[in-house]
Amino acid sequence: MPQNDKALQSFLIESDENLAQLEQDIVALERAPDDSDCVASAFRAIHTIKGTCGFFGFSHLEALTHLLEDILGAMRDGHLKMDLDAAAALLDGIDEIRVFLKHINNEGNDGKAAPEELMARLHALVPEKSATEPAVVIPEPGVETTTAVTVSEASDDDQPHHENEGESGELDHEEHEAGAELSSTAAPTPTESTVRVDVVLLDKLMNVVGELVLTRNQLLQHAASQNDSQLVNLSQRLNLVTSELQEGLMQTRMQPIRNAWATYPRLLRDLEKKTGKKVNPTLKGGDTELDRSLLEAIRDPLIHLVRNAVDHGIESPEVRLAAGKPEAGSLTLSAYHESGNVTVEISDDGKGLDSKKIVRRAIEAGLLHPDQVDSLTEREKIRYIFQPGFSTAETVNDLSGRGVGLDVVRNNVERIGGSIDIKSTPGQGTTFKLKIPLTLAIVPALIVRCLHQRFAIPQVNLLEVVYVEAEKLDEDIQTVHDALVYRLRGRLLPLVDMRTLMHMGTPDKQHDQFILVLTADQQEFGLLVDDVRDTEEIVVKPLGRLLKDNPCFAGATIMGDGRVALILDVKSTADFAGVTRQDRKLNQQANMDDRTHQPINVAENYLLVRPNEQTGRSAIALSKVSRLEEIRIDSIEYSAGREVIQYRGKILPLIRLGNNISTDDEDNEMIRIVVQPTEFGEVGLVVNDIIDIVSDNTANIERVAQSDGVLGAGILQGHVTDFIDSDALIRHYRDQNNNGGHDEH
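Residues numbered from 1 in each chain as written. Predicted model: local features only at pLDDT ≥ 70, side-chain atom pairs only at ≥ 80, totals over all residues. Heavy atoms only, no water.

Digging into the sheet that holds strand β5 (residues 341–348)
Pairing between sheet strands relies on hydrogen bonds along the backbone, with the strands arranged either parallel or antiparallel. Stated precisely, the cut-off is as follows: When DSSP finds two or more bridges between a pair of strands, those strands are recorded as paired. Each helix is a run of DSSP H or I of at least 4 residues and each strand a run of E of at least 2, with the numbering of both proceeding from the N terminus. Working convention: axes come from line fits to C-alpha atoms, limited for helices to the stretch in contact. Angles between N-to-C directions cover 0 to 180 degrees. Here a residue-residue contact requires only that any non-hydrogen atoms of the pair lie within 4.5 Å.
Taken together, 5 strands build an open sheet; the order of strands is β2-β4-β5-β7-β6 and the sheet is mixed. This sheet does not close on itself; its edge strands, each paired only once, are β2 (279–284) and β6 (419–425). Within the sheet, the average angular offset between the axes of one strand and its neighbour, ignoring direction, is 15 degrees. Sheet topology places β2 next to strand β4 (residues 329–338); 6 bridges connect them, and they run parallel. Following the sheet pairing, Val279 is matched in β4 by Gly329. Set on the sheet, helix α17 (residues 406–415) makes contact with β6 and β7 (429–437); between it and β6 the angle comes to about 140 degrees.

Rendered as structure tokens:
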């Protein structure tokens, strides 16, 4: 197709838009056949395509669109009712029109005629009366898109091609005169206030504005170092104008996310036919805007998640009715702004994810070792569906079972700086939550320094900045199994040292340091840097050939002084450094056997307790204690042979420390409980007495005897004290509860 044939290019663009609208209307009519507005909208769309292709002389395409127009005209006049056969034939006709348009785009002509079988199906739907009646254009109450500009011109030029002039021609003439009269007196229509712009031109303008932003940053930095008030004023004015220009141009690239949802009604209809399921879709927040490049990037991941929800999540009508659910499943797609990002959620009310089945498949695929299962939370178990090659489908079909799916979705989302999370409740449904940046061209970032090199950290990944004085580095930053950790408000934060990561030498302990608390894939970790400079809006530039294979960098930017700063890819850095939650779990499991031979330095606040009258003292890490309670003895009940109490509307299992048998309970009306949160829920540790809360930075824990739930012994406040390993104690209790001969209730 000649590149300078702008009229033909406009025809292809507008025809594609009209086909999208036509497809949505037909799918909607299949669900609501009496919707006259949908019939009118569909008729206008196909009439526009037919008239314009006749103007260009595409006779084969015109013959097909004329048939579709006759069918929709019969529906408009009440001679034909929309049903499954009519909808299927019309949708097949739309698919064939797309084939014609593709051929026109590639070859400049419409090629061969439409398949005879399709034409016969369409002819069979046209009532004899409607086939001979002239088509009448339904005037639109208001023009909303620029498509109408070309359509009106094409329709006028197409008048010599009309087979029927009579009544139709008079009506068109009257409408034309009325339109001319209105245009001379009325205010400008939306059509007159809009214009089509080539995306290539927008991208070029965006690159130019990016260079202008870099120049602005350089000028501001230079003006700040000069004692020239006029230069400062001019630079501030330039800063204001550049910001307004940047914001305005970025707005031209924004598109509503409903553009990506336009094909979903047809997609869901086809999925219903293939699976035999019924789905009621709900779309929310369609006006939420996103950069067009990001919109294109998430189009395929969203389609895959929709297919996955229908194929894997929503049950068949029989199963849903047996479970007391409505026959038709619910699929909700919503979009909204949140914390500078666009959040997209895909939710269904299906069967949810079976973590046991996922774990079994992960073990079969070699992705998980059986010994690691108990250390995983429910959320970590279900996230194995994002592993490459993973599938829970029992059979392979054209929808699923090939193992190529959610890992590709996650990679595509993360490639554009987004993230994906999943929540699932068995029997109630699953929700996928995608967080997408508004744009990738110009992003706010925190500039940091490590030795002589500067790096840019996207602010979307930054939670907080922690300042650590040089004299407290050894005290606050510790090493556990060769991994750096920092205790942040009572919890251990994995650390990545920037110097070590970039092979720039050993950590600097002579000067103050900064810890950037970052989040990646729902996991927090700290990045240790030498200095924090400032926040800037940076222009993202692609990496050179030598750095493209480095997983830690997402791009580069030019700073105000002309030097280059590398932009950190936070998610890839976390994976590369091995600080994601799953990697830490595996590392802890691998080092479990070494723990008995290593003394552990203590820098922790502890709760000192006395398990019973016959034993000494025990210490429980205060960071693992949520509450201290005192309850009456008679409130203790039993479940599966174990002691439990009713606590805040839930059942709280009790574990007695140090064989704390209730020999003296009959003499005491109250017992003391240390409530601890665990991945299995809260548990209560029963103790005889609570002594004190202490802090000791000098104690060392040594194993003097093997005992379940005891990490080792040390000296606190001049007394030998057992340090309780709460996680091991609760895990031992859970295993004993499952295998101790009691039936699970």
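Considering the side chain of Arg410
Rule in force here: For every residue, the accessible area obtained with a 1.4 Å probe (protein chains only) is divided by the maximum for its type, and the residue is called buried under 20%, exposed over 50%, and partly exposed between those limits.
By the secondary structure assignment, Arg410 is in helix α17. Given the relative accessible area of 16%, Arg410 is considered buried. Arg410 has contacts with Phe386 and Ile420, leaving out every residue within four places of it along the chain.

Here's the deal with the packing of helix α1 (residues 6–31) against helix α12 (residues 264–275)
Packed helix pairs are specified by the crossing angle of their axes together with the interaxial distance, meaning the distance between the axes. Let me state the cut-off plainly: Geometric relationships in this document are graded by angle, where less than 35 degrees denotes roughly parallel, more than 145 denotes roughly antiparallel, 65 to 115 denotes roughly perpendicular, and other angles denote oblique. When residue character is reported, Ala, Val, Leu, Ile, Met, Phe, Trp, Tyr, Cys and Pro are called nonpolar, Asp, Glu, Lys and Arg charged, and the others, Gly included, polar.
Axis separation between α1 and α12 bottoms out at 8 Å; the angle between their running directions is 50 degrees. In terms of orientation, α1 and α12 fall into the oblique class. When α1 is examined against α12, the residues Glu23, Val27, Glu30 and Arg31 are found in contact with a partner set consisting of Pro265, Arg266, Arg269, Glu272 and Lys273. Here the residues of the contact of α1 with α12 are counted per class, giving 2 nonpolar, no polar and 7 charged.

Thoughts on the pattern of salt bridges
Should the charged atoms of two oppositely charged side chains come close, the side chains can pair. Note the cut-off: Salt bridges are defined by distance alone: a side-chain nitrogen of Lys or Arg within 4 Å of a carboxyl oxygen of Asp or Glu.
Considering all chains together, one arrives at 32 salt bridges under this definition. Residue Lys273 is joined to Glu30 by a salt bridge in which the shortest nitrogen-to-oxygen separation is 3.7 Å. You can see Lys273 sitting in helix α12 and its partner Glu30 sitting in helix α1, a full 243 residues away along the chain. Judged by its relative accessible area of 49%, Lys273 is partly exposed. The salt bridge partner of Asp270 is Arg266, with a shortest N-O separation of 3.4 Å. Of the two residues, Asp270 and Arg266 both sit in helix α12, 4 residues apart, roughly one turn of that helix. The network of salt bridges with shared partners includes Glu23, Glu30, Asp95, Arg98, Arg266, Arg269, Asp270 and Lys273.

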